[in-house]
Structure formats: C-alpha cells, structure tokens
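Summary of the model geometry
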Amino acid sequence: MTQSVKGMRDLWGTELAHFQFVERMCHQIMGAHGYQEIRTPIVESTDLFSRGVGSTTDIVNKEMYTFQDRSDRSLTLRPENTASVVRAIIQNKLLEGNDPLHLFYIGPMFRYERMQAGRYRQFWQIGAESIGVSSPESEVESIVMLFDFLASLGLADLSLSINSVGFPEERTSFYIALKAFVKAQEGAFCLDCQRRIEDNPLRVLDCKVPSCQMALTGHPEVLTFLSAESQSHHEKFQKCLQSSRIPFAVNPKMVRGLDYYTRTTFEVLSSDLGAQSALLGGGRYDRLIQDLGGPPTPAFGWALGFDRLVSLLMKKNTALPSKPRIFLIPLGDSMIEDAFQLVRPLWAAGHSIELETRGVALKKSLSTANRKGHSHAFILGEGEKAKDIITVKFLTTGEQEEWPLREISSRILKL
Ligand code: AMP
C-alpha cells in the first residue's frame, strides 16, 4: 500500500491530544499578551525564502521543497514562517495604524533534512513576532510570554542561551578576525566550514562536527566587535531578563541558522530531547522587513518546535486536563430512539458522549467502552425509562449509580 512520505507523519490519539492542549494554552497565553493569530499559505514564491532566509544558508541551499507549478512558477513549501509573516504584513499593509504589531502562528513547515529522531521533513512550529519596536524590553516581553506559555504546560525548568550578532556592517571586522583564525588551522576544520568561512562565516561557529567545535576553542567572539550601541542593547537586554527572573547564559557561539538576525539571538535547549536538543530559537531581525520591500521596521520573534515540545511533555508524563468520556448504551432496539432524545441536548451542552448504535449485547458494549478508554458508561433500558433514571457505570472502579434523567447534565459537570 502507499505509505506516507518519508519524514511526514500522521497525528492522532494521545499525541494529537497533547498538540490540541498546547494549542489551547497558546491561544490563551498569547491572547492575554495582546498577540493575534496570523495564518499564511503553506506555499510561497521561492524567492521569498532565498531573499529572506538567505541564499547561503543550509535551509535554502539544500533543504527546501521547491517545485515548478503548471505555469512554470518556482514555488516552495515554507521551511519557516517569519519570511511569510513579513510578506503578509507588507502585502496587506498590516502595519498601517497597527504599529506595534504582535502576531503568533501555529502551522506545519517543510525541510528536506536527514531523518533522525526528533527531526522531521514536515514538522510543526509555534511562533510569535513582535513588529515595530526596537527596545530590549520588547524582546524580554516576548520571552516572558514564551516562558509563561512553557510554564502553563508544566515546563518551568528551561533556561535561555543568548548572544548578539549585531548588524551586518558591524560584523565586517569580526569576519576578518574569524577568517584569519580559521585559515591559521584550516586542516582542523571540515570542508563545509572551509567553504562557509568564505561565503557565510557566522555559520562556522555552530558547525555540528565535533572536531570543528574543538578547533574553535579561543575563537574571536562577535560580541567584542560590536558598536557601543549594540553592546549597550545587549547589556540592557540581560538586565531586563534578570529583573524578570528569566534564567539565561551568554553563549558566544550561538548564532542561529538563518541570516536575517540582527543584535539579539537566543535559543532554548533541553537535554531531555536527546541529540536534537533545540526546542526553540529566535532573535531580532531589524532589516528583514525592509529587505523584503517594506518600510524600515524593527522586529523580534521566535519559533518553537511543536513536535519536540509535545515529545518533551509526553516524556515528562504531563497529565492533560481531561473531560469525562461517556459511552451511552441503549439496551435493545426499542431504546435507541429514547437514547437519541436524551443525548441531543447533552451534545448541545458540550458533553463528550459517544452513542452506541450497533444494537449489540451489553457485555460487548461495555468491553468496547473499556477498550476505547471511556471513563463512564450510561446504560438506558426499559427499567431505567420506567423509573426516569439512567444507570451510570464508573469504568475505572466498576461502581454503579442511578441518576435522575433531569439531573444528568449537572451531574456530568461534577464528575
Ligand atoms: P529554526 O526555524 O531552524 O530556528 O527552528 C526553530 C525550532 O524548530 C527548532 O529549535 C526545533 O525545535 C524546530 N525544528 C527545526 N527543524 C526541525 C525538524 N526538521 N523537525 C522537527 N523540529 C524542527
């Protein structure tokens, strides 16, 4: 039979319930911070990403799902969403009268990456973008929201890794120093790094090859090459993080895999995620809106790996808030109409009730309810009807109660 595409998976059951729980908390927390959801198309013109993400990045160079459509346009399945959100803001003039603009998104991204646990070719991201403010305080506001969101999911023990990469023009002398450092021991670096040092020197710093990381010991640090303004921005950012009690550590090697970052960059890693330890990353991108044809506008944002977040929650056995799941069993063909009459107002009131319509023996219905993880079976037979009650079986304990029919809705709420 035809299988799903390699690296792209179906979501259902417990894992999907975790995704849905996270989505609800995301809407709640980000809504409270005044962020509004934005949904952009999954397919964009290829040049959006080559211009936005950067033509020398791994994402654009080797990971994009790019194809020609029937009119010979080059299209790409979005590998990330910031470039798309920026395009949407410019195209729909969302900044006019809405400055500063706070947006969040939830959706699938696509990268043709080597398969590994925790790394998919279709994966989900949750992200937030704060557009129109250049202050370090706006960065901390976005990070506080992120940490409130993670804490609402029971993840309170994570800490930030931060750095600043300044503006491109501030990096020129850093690149000269880094190139000299790499050239002095060229043989110690992998072939990719030897190429990167020519066309995208920052990328050398986060090369995953262990021998390159060894060779980087004592490397020039981008922070020390930045202007006084960028350094003071970085210091204010740290002070504000401290006063907001967000734990962090400065990591001079952390530069992120996308080219649009200016000044602040940050990541959150979790050792519970195994080899793919990056849970989320983000930073400031003060030039991207202008580079993509909009007015000069400062901006800051982050993207979180939704699949990895869910795997972390499942590893930590995070209990999901759960409503009772009820199986309503009419006894015999004669009771199915009564069961319909009983259940429709309960459905309308939002209770989760599955109706047994197979007309099978009670024993079989009860074993189905147990197998499917229902919490309660409601049994409606001639005897119950005559007494205006329903028999309620608690499937985890086996206990049984009789409830007056008119009290069902209020009693379900108390379960
Ligand atoms: P990035 O857009 O590369 O900054 O990635 C942000 C976050 O998305 C990462 O920290 C990961 O948690 C997640 N992520 C990136 N690529 C993948 C992938 N191929 N599979 C699963 N999650 C990913």
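Now for a look at the structure at hand. From a predicted model like this one, the values you see are computed outputs, not experimental measurements.

Along its 16 residues, helix H9 (residues 228-243) runs 23 Å from first to last C-alpha, staying within 8% of the 22 Å computed at 1.5 Å per residue. Residues of H9 that are buried: Ser-230, His-233, His-234, Phe-237, Gln-238, Cys-240 and Leu-241. The buried residues of H9 occupy one face: seen down the axis, they fall within an arc of 165°. Every exposed residue of H9 that faces more than 90 degrees away from the buried side is listed here: Ala-228, Glu-229, Lys-239, Gln-242 and Ser-243. Each element contacted by the buried residues of H9 is listed here: helix H5 (136-152), strand E7 (160-164), strand E8 (248-250), strand E9 (264-269) and strand E10 (278-284).

Let us look at the sheet that holds strand E13 (residues 353-355). With mixed pairing, the five strands of this open sheet are ordered in space as E13-E12-E14-E15-E16. If you trace the sheet from one side to the other, it starts and ends with E13 and strand E16 (400-404), each paired once. Ignoring which end each strand starts from, the neighbouring axes of this sheet average 25° apart. Alignment of strand E15 (residues 389-394) against E16, held across five bridges, turns out to be antiparallel. Note on E16: the bridge partner recorded for Thr-391 is Glu-402. Relative to the sheet, helix H12 (residues 336-348) contacts strand E12 (326-330), E13, strand E14 (376-380) and E15, its axis offset from that of E13 by approximately 160°. The sheet strands contacting helix H13 (residues 362-371) are E12, E14 and E15, and the helix crosses E12 at an angle near 170°.

Our next topic: the environment of Leu-94. Locating Leu-94 in the fold gives a position in the loop between helix H4 (82-91) and strand E5 (101-110). Given the relative accessible area of 24%, Leu-94 is considered partly exposed. When the C-alpha positions of Leu-94 and Asp-10 are compared, they lie 34 Å apart, and in sequence the two are 84 residues distant. In contact with Leu-94, not counting residues within four places along its chain, are Ile-38, Ala-88, Ile-89 and Leu-101.

Here three strands make up an open sheet; going across it, the order is E2-E4-E3 and the pairing antiparallel. Both edges of this open sheet fall to strand E2 (43-45) and strand E3 (65-68), since each of them pairs with a single strand only. If you compare each strand with its neighbour and ignore which way they point, the axes differ by 35° on average. The sheet contact formed by E2 and strand E4 (residues 74-77) spans three bridges and is antiparallel. Residue pairing across strands places Val-43 opposite Leu-77, the latter belonging to E4.

What follows covers the pairing of E5. By the criterion of burial, E5 is predominantly enclosed, with nine of the ten residues buried. Two elements, strand E1 (residues 36-37) and E5, share two bridges in a ladder whose sense is parallel. The partner of Glu-37 across the bridge, within E5, is Phe-104. Inspection of the sheet shows E5 paired to strand E6 (residues 122-131) by ten bridges, in the antiparallel sense. Note on E6: the bridge partner recorded for Phe-104 is Ala-128.

By size, the foremost hydrophobic cluster in this structure holds 49 residues, and its most contacted members are Ile-131 and Phe-189. Of all hydrophobic cores here, the second largest spans 41 residues; its members include Leu-146, Leu-153, Phe-306 and Leu-312.

Analysis parameters
- Residues numbered from 1 in each chain as written.
- Predicted model: local features only at pLDDT ≥ 70, side-chain atom pairs only at ≥ 80, totals over all residues.
- Heavy atoms only, no water.
- Helix = DSSP H or I, 4+ residues; strand = E, 2+ residues; numbered from the N terminus.
- Expected span 1.5 Å × (residues − 1).
- Buried < 20%, exposed > 50% of the residue type's maximum accessible area, 1.4 Å probe, protein only.
- Arc of directions from axis to C-beta.
- Contact = heavy atoms within 4.5 Å.
- Pairing = 2+ DSSP bridges.
- Axes fitted to C-alpha atoms, helices over the stretch in contact; angles between N-to-C directions.
- Core = buried A, V, L, I, M, F, W, Y, C linked by side-chain atoms within 4.5 Å.

Interpretation note: all reported values are geometric properties and have no functional meaning in isolation.
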